[in-house]
Amino acid sequence: MVSRDKHQIEKNKSFFQSVGHAISGICRLVLEERNFRFDLIIAAVVLIMGVIFQINLNDWLWLFAAFFAVIGSEVLNSIVENVVDLIVGRQYNELAKRAKDIGAGGVLLSAFFAVIIGCLIFIPKIIEFIK
Ligand SMILES: Nc1ncnc2c1ncn2[C@@H]1O[C@H](COP(=O)(O)OP(=O)(O)OP(=O)(O)O)[C@@H](O)[C@H]1O
């Protein structure tokens, strides 16, 4: 979704205008970032598993922390990619590669954290279920 204030470069005039641009940014993430959509699908599956296994409040808090760690790093990675592309355009640049690879590394680390949280919460429950 493209913002209605297409050519605006001044500061937002109201809180609602700020929120509108923020929602437009989230829509861009969903529509244009494949990995972000993948994260949302995984989050939906984990949410369903949490309901099925009736996990407790503490487990839900850890899952939300893991979810927002991954989403946060995806957002930062997308910002890095866009800013790098804005600066270097479509030409190879060693510093551009470094910035993008580090951004991708941050996402990988947060995904690793989320997988550990998911395993610690669900593996005992799955073992209990199949016993
Ligand atoms: N301008 C550039 N100069 C050098 N290397 C680049 C440049 N643009 C991209 N790369 C390399 O290509 C990789 C992928 O690029 P980019 O992050 O733009 O693609 P992507 O498919 O959107 O990545 P992701 O899967 O993380 O969303 C980067 O991690 C980097 O190694």
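Parameters and conventions
- Residues numbered from 1 in each chain as written.
- Predicted model: local features only at pLDDT ≥ 70, side-chain atom pairs only at ≥ 80, totals over all residues.
- Heavy atoms only, no water.
- Axes fitted to C-alpha atoms, helices over the stretch in contact; angles between N-to-C directions.
- Helix = DSSP H or I, 4+ residues; strand = E, 2+ residues; numbered from the N terminus.
- Parallel < 35°, antiparallel > 145°, perpendicular 65-115°, else oblique.
- Contact = heavy atoms within 4.5 Å.
- Nonpolar A, V, L, I, M, F, W, Y, C, P; charged D, E, K, R; others polar.
- Near = heavy atom within 4 Å.
- Polar contact = N/O pair within 3.5 Å; in protein donor to acceptor, adjacent residues only side chain to side chain.
- Areas by Shrake-Rupley, 256 points an atom, 1.4 Å probe, with all protein chains shown as cover.
- Phe/Tyr/Trp six-rings, centres within 6.5 Å; stacked < 30°, edge-to-face > 60°.
- Buried < 20%, exposed > 50% of the residue type's maximum accessible area, 1.4 Å probe, protein only.
- Core = buried A, V, L, I, M, F, W, Y, C linked by side-chain atoms within 4.5 Å.

## Considerations on the packing of helix α2 (residues 34-52) against helix α3 (residues 57-88)
Two elements in contact, α2 and α3, have axes separated by 11 Å at closest approach and are oriented at 175 degrees. For the element pair α2 / α3, the angle class is roughly antiparallel. Across from Asn35, Phe36, Asp39, Leu40, Ala43, Val46, Leu47, Gly50 and Val51 in α2, the residues of α3 making contact are Trp60, Leu63, Phe67, Val70, Ile71 and Glu74. Classifying every residue of the contact of α2 with α3 by side-chain character gives eleven nonpolar, two polar and two charged.

## What to know about the site of the ligand
Inspection of the region around the ligand gives Asn35, Asn77, Glu81, Val88, Gln91, Tyr92, Asn93, Ala96, Lys97, Lys100 and Asp101 as its neighbouring residues. The separation between an oxygen atom of the ligand and a polar side-chain atom of Asn77 is 3.5 Å. One of the side-chain nitrogen or oxygen atoms of Glu81 is found 3.1 Å away from an oxygen atom of the ligand. Burial of the ligand by the surrounding chains reaches 63%, relative to a free accessible area of 620 Å². Of all elements in the fold, only α3 and α4 (94-130) reach the threshold of two or more residues within the shell around the ligand.

## A few points about the packing of aromatic side chains
In this structure the tally under the stated criterion is five aromatic pairs. Relative to Phe68, the ring of Phe67 has its centre 5.0 Å away and its plane inclined at 75 degrees; by these criteria the two rings are edge-to-face. Residue Phe67 is classed as partly exposed on the basis of its relative accessible area of 25%. Classification of Phe68 as exposed rests on a relative accessible area of 53%. Cluster of aromatic residues (ring-pair linked, three or more members): Phe53, Phe122 and Phe129.

## Comments concerning the nonpolar core
Grouped together as the largest cluster of nonpolar side chains are seven residues: Ile55, Trp60, Leu63, Ala66, Ile117, Ile121 and Phe122. Within the residue set of this core, elements represented by two or more residues are α3 and α4.

## Remarks on the environment of Ser78
Within the fold, Ser78 resides in helix α3. Between the C-alpha atom of Ser78 and that of Ile52, which follows or precedes it by 26 residues, the distance is 33 Å.

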